[in-house]
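# Fold and contact review
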Amino acid sequence: MIRSSSQCTIRVDVDDLFQYAMANPRPSGIQRVVYEILGVLEERAAVHPQQPRILFVRRGRSGEPFAEVSWSDITALFSTLTGMEQTSERRSNTRRTGQSLLRQPRFGENLRRTLISKFQSMPDDIGKPLLASGIAQIRAAHLLRQCFRPPHDRQAASKTESSSEVFSYKTTIFSKNTISSEQKDIFLILGAAWCDPLFSERLRHAREQYDMRPVLLVHDLIPSRRPEWCDPSLVRNFQHWLKTSLPHCSRLLAVSRATARDVEQYATEHGLELSPPVQVMPMGSGFSSMLTGSGTLPVGLPAAGSYVLFVSTLEVRKNHAFLLRVWRRLLNEGKEADIPTLVFAGRVGWLVRDLTQQLDNSDWLNGKIRLISDPTDEELKYLYQGSLFTIFPSLFEGWGLPVSESLMMGVPCLASHATSVPEAGGQFARYCDPENVTDAVEKIRELLADREQLSLWKNEIRTGFMPTSWEQSADMLLDTCLATSHEEARP
C-alpha cells in the first residue's frame, strides 16, 4: 500500500475526457462542466487553508490506474473539441508532454471492452459468471506482471503492501463522519466514468493498493431511471457501473437536489446505506468559452432577432419532437411571417430517426426549423446573442446547463418545469409543461406578441441574475474531499 503524506493529494480522474474525444467532435455538457472545474481547481487548492496537491490522472498505457496527465494536454484536447484555439496557457508552469493526446487503444484493450460489453448483454445466469471470470483473469495478469518486475521494485511494493488494510466490499457506501488522525489521499471522479467497463477495478485499486478514498460526483441517473430514452449499450454499461462502483465510494456528490434524491432512492432500492447523505455541489452558471472569442461573426448563421434557440443534443429525452408539434401549431394558427425560425443547435444523437424523417418530409416546416449541427463555441456564443429567447423543453435533466448558460448570456429562457430544470433557471427563467403542447404554444405566442415585455424580461436578467462561479464549485469539492480524507475508515 502507498501511504499518504501529511499533505493530502487529490488525484482527479480525466480518463473519460480522452475516451470521449476519440469518438465525438464536440463536448457534451458533462465534459464542459469537468473542464471548467479542472481549470480553477489548482488555483483554489493553492489558497485553501490545507493546500492539497492536485494531480490529473488517467488509466496508463500498461493498465496502471493512475498515469499523470498535464494541464496543457487537457487544454489542447478541449480546444480541439470546442473548435476554439487557446491563445494563452491557463497555467504558466505547465508544458506539453510530447505524447499523443488521443492514445489509440491497443488490440487487447478493444477486445477486452468488446467482450465485457457482450457479457453484460447476456442473461445474468450466463453473463455474470463470464464477467467475473474475466475480471479474475485480469487481476491474475496484474499479479504476474508484479512478480516479473525488477527485484528492487518488487521489494518496495512488498514492503508497502504488507502493511495494507484490506477494505471489505460492503453495502455501506460511506464511512461514518468521525475524525481520524491520519489523513488519506483522495481519488476524485468528476466525469462520465461509466464509459470504462472496468472502472470498479480502478476504485478497488485506489482503496486497497493506494489507500485512497474515492469521491464521486453524480450528474444524473437517467439510464437507470428512464432507460427507454437511452441507447441500450449505455443502459447496460451505466447500470453495471452503478452496481459495481458505488459501494467502493467514500462519498457521493450530486449536481442538483433532484439528482441527489434520485441517488438516495437508488441506494434505498438496492440496500445501500448513505452516511453522510449525498451532498449537492453548486453548479457554475456558464462556460468561459462563451465569454471570449475572436469578435468575428461566424458565417452561415441566421440573422439576429429572427429565431428562437434550442441548444441541445438531438435525442428523444430532450423533446425536439414536442417542439415540432408546437411550431406547426404556431404556423397553422398565425401568420408565417410573424413566426420566428426555430434553431436546433447540437449534434444528432440517438433515437431520433423518426424525428429527422418527419422534418425531412415536411422540408423542416418549409424552413421554419433549422439544424446547426456540432456548432463551435464561437458559433454558440453568437447564436445565444442573436436569439429572441431560448427554449428548453427537456423531459428529464440532471441539472439543465443550457438554461443557466442562457441566463448567463443575458437571454430569456422558456424552460421545462421537469426534474432539476427549475433549479438551473430559478426565478429568472419561465416554465412550461414539456408534455402539454397547448401550454407551450400559449406561452410562446405571448412572448412573440409582446416584445416590450420580452425586452423587460431580458433587462431583468441582465441586471439581477447572479451567476454561480466555477470557483464556488471547486471550493465545495475541495472542502468535501479534505473532510473525507480525515474521516475514519469504515469498519
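Below: a short report on this structure. (Residues numbered from 1 in each chain as written. Predicted model: local features only at pLDDT ≥ 70, side-chain atom pairs only at ≥ 80, totals over all residues. Heavy atoms only, no water.)

With that settled, the discussion passes to the nonpolar core. Judged by nonpolar contacts, the single largest core of 123 residues is most densely connected at Leu38, Ile74, Val326 and Trp327. Contact partners of isoleucine 74, with chain neighbours within four places excluded, come to Val14, Leu17, Phe18, Tyr35, Leu38, Phe56 and Val69. Judged by nonpolar contacts, the second largest core, of 13 residues, contains Ile372, Leu380, Leu383 and Tyr384. (Core = buried A, V, L, I, M, F, W, Y, C linked by side-chain atoms within 4.5 Å. Buried < 20%, exposed > 50% of the residue type's maximum accessible area, 1.4 Å probe, protein only. Contact = heavy atoms within 4.5 Å.)

What follows deals with the sheet that holds strand β6 (residues 251-254). Strand order in the open sheet formed by seven strands is β3-β2-β1-β4-β5-β6-β7, with mixed pairing between adjacent strands. Looking at which strands have only one partner, the edges of the open sheet turn out to be β3 (67-69) and β7 (279-280). Where strand β1 (residues 9-13) and strand β2 (residues 53-58) come together, five bridges link them in parallel fashion. Directly across from arginine 11, in β2, lies its bridge partner leucine 55. (Pairing = 2+ DSSP bridges. Helix = DSSP H or I, 4+ residues; strand = E, 2+ residues; numbered from the N terminus.)

Glancing now at helix α17 (residues 437-449). Counted at 1.5 Å a residue, the expected span for α17 with its 13 residues is 18 Å, and the 18 Å between its end C-alpha atoms agrees. Those residues of α17 that fall on the buried side of the exposure criterion are Val437, Asp439, Ala440, Val441, Ile444, Leu447 and Leu448. Packed against the buried residues of α17 are α11 (320-333), β11 (390-392), β12 (413-416), β13 (430-432) and α18 (451-464). The N-cap of α17, judged by a side-chain oxygen 3.1 Å from the amide nitrogen of threonine 438 a few residues on, is asparagine 436. (Expected span 1.5 Å × (residues − 1). Polar contact = N/O pair within 3.5 Å; in protein donor to acceptor, adjacent residues only side chain to side chain.)

What follows is about the side chain of glutamate 397. Mapping glutamate 397 onto the fold places it in the loop between β11 and α15 (401-408). A distance of 2.6 Å separates the side chain of glutamate 397 from the side chain of serine 394, its partner in a polar contact. Ignoring any residue separated from it by four or fewer positions in sequence, one finds glutamate 397 in contact with Ile222, Arg317, Lys318, Phe392, Thr419, Ser420 and Val421.

Among the structural elements, aspartate 354 can be located in helix α12 (residues 353-361). On the basis of relative accessibility, which here comes to 60%, the residue aspartate 354 falls in the exposed class. Sequence separation between aspartate 354 and alanine 321 is 33 residues; the distance between their C-alpha atoms is 9.1 Å.

The next thing to look at is the pairing of strand β5 (residues 212-218). For β5, the buried fraction is high: seven of the seven residues fall into the buried class. Residues Met212, Pro214, Leu216 and Val218 point to one face of β5 and Arg213, Val215 and Leu217 to the other, with burial holding for every one of them. Relative to β5, strand β4 (residues 185-189) runs parallel, the two being bridged by five bridges. Paired with leucine 188 across the strands is valine 215, a residue of β5. In this view, the connection linking β4 to its parallel neighbour β5 by way of helix α7 (residues 199-208) has right-handed handedness. Pairing between β5 and β6: four bridges, direction parallel. Looking at β6, one finds that valine 215 is bridged to arginine 251. (Right-handed = clockwise from strand over helix to strand, strands pointing away.)

The subject of this paragraph is unusual backbone geometry. In this model, asparagine 319 sits at a positive phi of 80°, which is unusual for a non-glycine residue. Within the secondary structure layout, asparagine 319 lies in the loop between β8 (307-311) and α11. Phi angles above zero are rare outside glycine, and aspartate 363 is one such case at about 55°. With respect to the element layout, aspartate 363 can be found in helix α13 (residues 363-367).

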